[in-house]
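A look at the structure
Next come the chains, spelled out residue by residue.
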Amino acid sequence: MGDETMKTVSENRCFGGTQGVYSHASKATGGEMTFGLFLPEEAKLGEVPVLWYLSGLTCTHENAMTKAGAQGWAAEQGIALVFPDTSPRGEDVADDEAYDLGKGAGFYVNATQDPWTPHFKMWDYICDELPALLGAEFAVDLERQSITGHSMGGHGALTIAMANPGRFKSVSAFAPIAHPSQSDWGRKQLGAYLGADESTWVKHDASLQMREVGFDGPVLIDQGSADQFLHLLKPEALAEAMAARRQEGLFRMQKGYDHSYFFMSTFMEDHVTFAAEALYA
């Protein structure tokens, strides 16, 4: 496969638009990457704004694409949805027996430690390589981007948005891993990928970044009150940081909801509408 080759895995008509799955050779991760892209009907006429959806631990591009119910709302708003994978894949890619490290658990960082360094460059992939590919191959307007995600993907969405001022019109998250430097969902992975020097972890901790730099636009956080992983997610740290920063935004504790896609699908309309309002402002 050449460096510039992109393959169409599948395309299905969906809410008047197209739900596609594509694969390409990635320089960032040194292997083949797969992503989902929903383009609304309006993309046939010109470039449309784009909402990124970053997925959580163990997920591929497919989970949110098939379970989150986002396409109908995106079609209504005339925006594209990108569903990237959560890590590099392939025979030669380092992995771990635990579900929360290695394949399916890229944590949206650039690994600096062996054996992860060669392939685990998800930060570069999401921030640089995939947007460039989308802009070159599809009718998406990279001047109008928003980002959202779930759990590990909520962590990715928040940290990437705050590290790239001016790029995203809004950021939102479902049950994000909000304070990874102080959680077992974070300390283990950041230690493995980035090493023992915790100063290198700071830009990958949404609560620390919220206190330090904040986000130059609106923020929406939804967290289920019955989430079985609350002790690992640490939403209270992010809520406190938003208040301390006087961050423009909403933090919502949703009574009785857990960590599943039933939670996301319930509030997906809100998140797509929230993004669309910012994208069309």
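Residues numbered from 1 in each chain as written. Predicted model: local features only at pLDDT ≥ 70, side-chain atom pairs only at ≥ 80, totals over all residues. Heavy atoms only, no water.

This part takes up the packing of aromatic side chains. Scanning all chains against the criterion turns up twelve aromatic pairs. Plain terms: the ring middles of Tyr257 and Phe267 are 5.0 Å apart, the flat faces sit at 75 degrees to each other, and that makes the pair edge-to-face. Of this pair, Tyr257 sits in the loop between strand E9 (249-254) and helix H9 (261-279) while Phe267 is found in helix H9, placing the two residues ten residues apart along the sequence. The aromatic ring of Trp123 is capped on one face by Lys203, whose charged end is 4.4 Å from the ring centroid. (Phe/Tyr/Trp six-rings, centres within 6.5 Å; stacked < 30°, edge-to-face > 60°. Helix = DSSP H or I, 4+ residues; strand = E, 2+ residues; numbered from the N terminus. Lys NZ or Arg CZ within 6 Å of the ring centre and 35° of its normal.)

This brings us to the side chain of Asp227. Position of Asp227 relative to the elements: it lies in the loop between strand E8 (219-224) and helix H7 (230-233). The buried charged residue Asp227 lacks any salt bridge partner; its closest oppositely charged side chain belongs to Lys234, at an N-O distance of 12 Å. The contact partners of Asp227, leaving out residues within four places of it in the chain, are Ala175, Leu233, Tyr257, Asp258 and His259. (Buried < 20%, exposed > 50% of the residue type's maximum accessible area, 1.4 Å probe, protein only. Lys, Arg positive; Asp, Glu negative; His and termini not counted. Salt bridge = Lys/Arg side-chain N within 4 Å of Asp/Glu carboxyl O. Contact = heavy atoms within 4.5 Å.)

Our next topic: unusual backbone geometry. The omega angle of the peptide bond from Asp114 to Pro115 is 0 degrees, so this bond is cis rather than trans. Note on placement: Pro115 falls in the loop between strand E5 (80-84) and helix H3 (122-137). Even without glycine at this site, Phe15 takes up a positive phi of about 45 degrees. With respect to the secondary-structure elements, Phe15 resides in the loop between strand E1 (6-14) and strand E2 (17-26). Positive phi outside glycine occurs at Thr58, with the angle close to 75 degrees. For Thr58, the location among the structural elements is in the loop between strand E4 (48-54) and helix H1 (62-67).

Attention shifts here to the packing of H3 against helix H4 (residues 152-163). Running from N to C, H3 and H4 point in directions that differ by 60 degrees, and their axes come no closer than 12 Å. By the angle between their axes, H3 is oblique relative to H4. H4 is crossed by H3, and the crossing has right-handed handedness. Together, Trp123, Ile126 and Cys127 of H3 and Thr159, Ile160 and Ala163 of H4 make up the contact between the two elements. (Axes fitted to C-alpha atoms, helices over the stretch in contact; angles between N-to-C directions. Parallel < 35°, antiparallel > 145°, perpendicular 65-115°, else oblique. Left-handed = near helix turned anticlockwise from the far one by under 90°.)

This part covers the side chain of His61. Looking at the element boundaries, His61 is found in the loop between E4 and H1. Every residue in contact with His61, bar those within four places of it in the chain, is listed here: Val21, Thr34, Phe35, Gly36, Phe83, Pro84 and Asp85.

In this section: the sheet that holds strand E3 (residues 31-39). In spatial order, the strands read E1-E2-E3-E5-E4-E6-E7-E8-E9; together these nine strands make up an open sheet with mixed pairing. A strand with exactly one partner marks an edge of an open sheet, and here the two such strands are E1 and E9. Averaged over neighbouring strand pairs, the angle between their axes works out to 20 degrees when direction is ignored. When E3 meets E5, the two strands line up antiparallel, connected through four bridges. Bridged to Phe35 within E5 is Pro84. Strand contacts of helix H8 (residues 235-245): E8 and E9, with the helix running at about 150 degrees to E9, the strand carrying the most contacts. (Pairing = 2+ DSSP bridges.)

Below, the discussion takes up the pattern of salt bridges. Scanning the entire structure with this criterion turns up seven salt bridges. A salt bridge links Arg187 to Glu198; the shortest N-O distance between them is 2.7 Å. Of this pair, Arg187 sits in helix H5 (residues 184-194) while Glu198 sits in the loop between H5 and helix H6 (206-212), and the two are eleven residues apart along the sequence. Look at Glu198 and you get partly exposed, because its relative accessible area is 35%. Here the salt bridges do not stand alone but share partners, grouping Asp222, Arg252 and Asp270 into one network.

Topologically, Tyr108 is positioned in the loop between E5 and H3. Judged by relative accessible area, which is 0%, Tyr108 ranks as buried. Put simply, Tyr108 and Leu54 are 54 residues apart on the chain and 9.1 Å apart in space, counted from C-alpha to C-alpha. Within the local environment of Tyr108, its side chain forms a polar contact with the backbone oxygen of Ser55, the two atoms lying 2.8 Å apart. (Polar contact = N/O pair within 3.5 Å; in protein donor to acceptor, adjacent residues only side chain to side chain.)

Moving on: the state of the cysteines. In this structure the tally under the stated criterion is zero disulfides. A disulfide-free cysteine, Cys59 has its sulfur positioned 19 Å from the sulfur of Cys14, the nearest such atom. (Disulfide = S-S within 2.5 Å.)

So, to be careful, I would describe these as geometric facts and stop short of saying anything about function.
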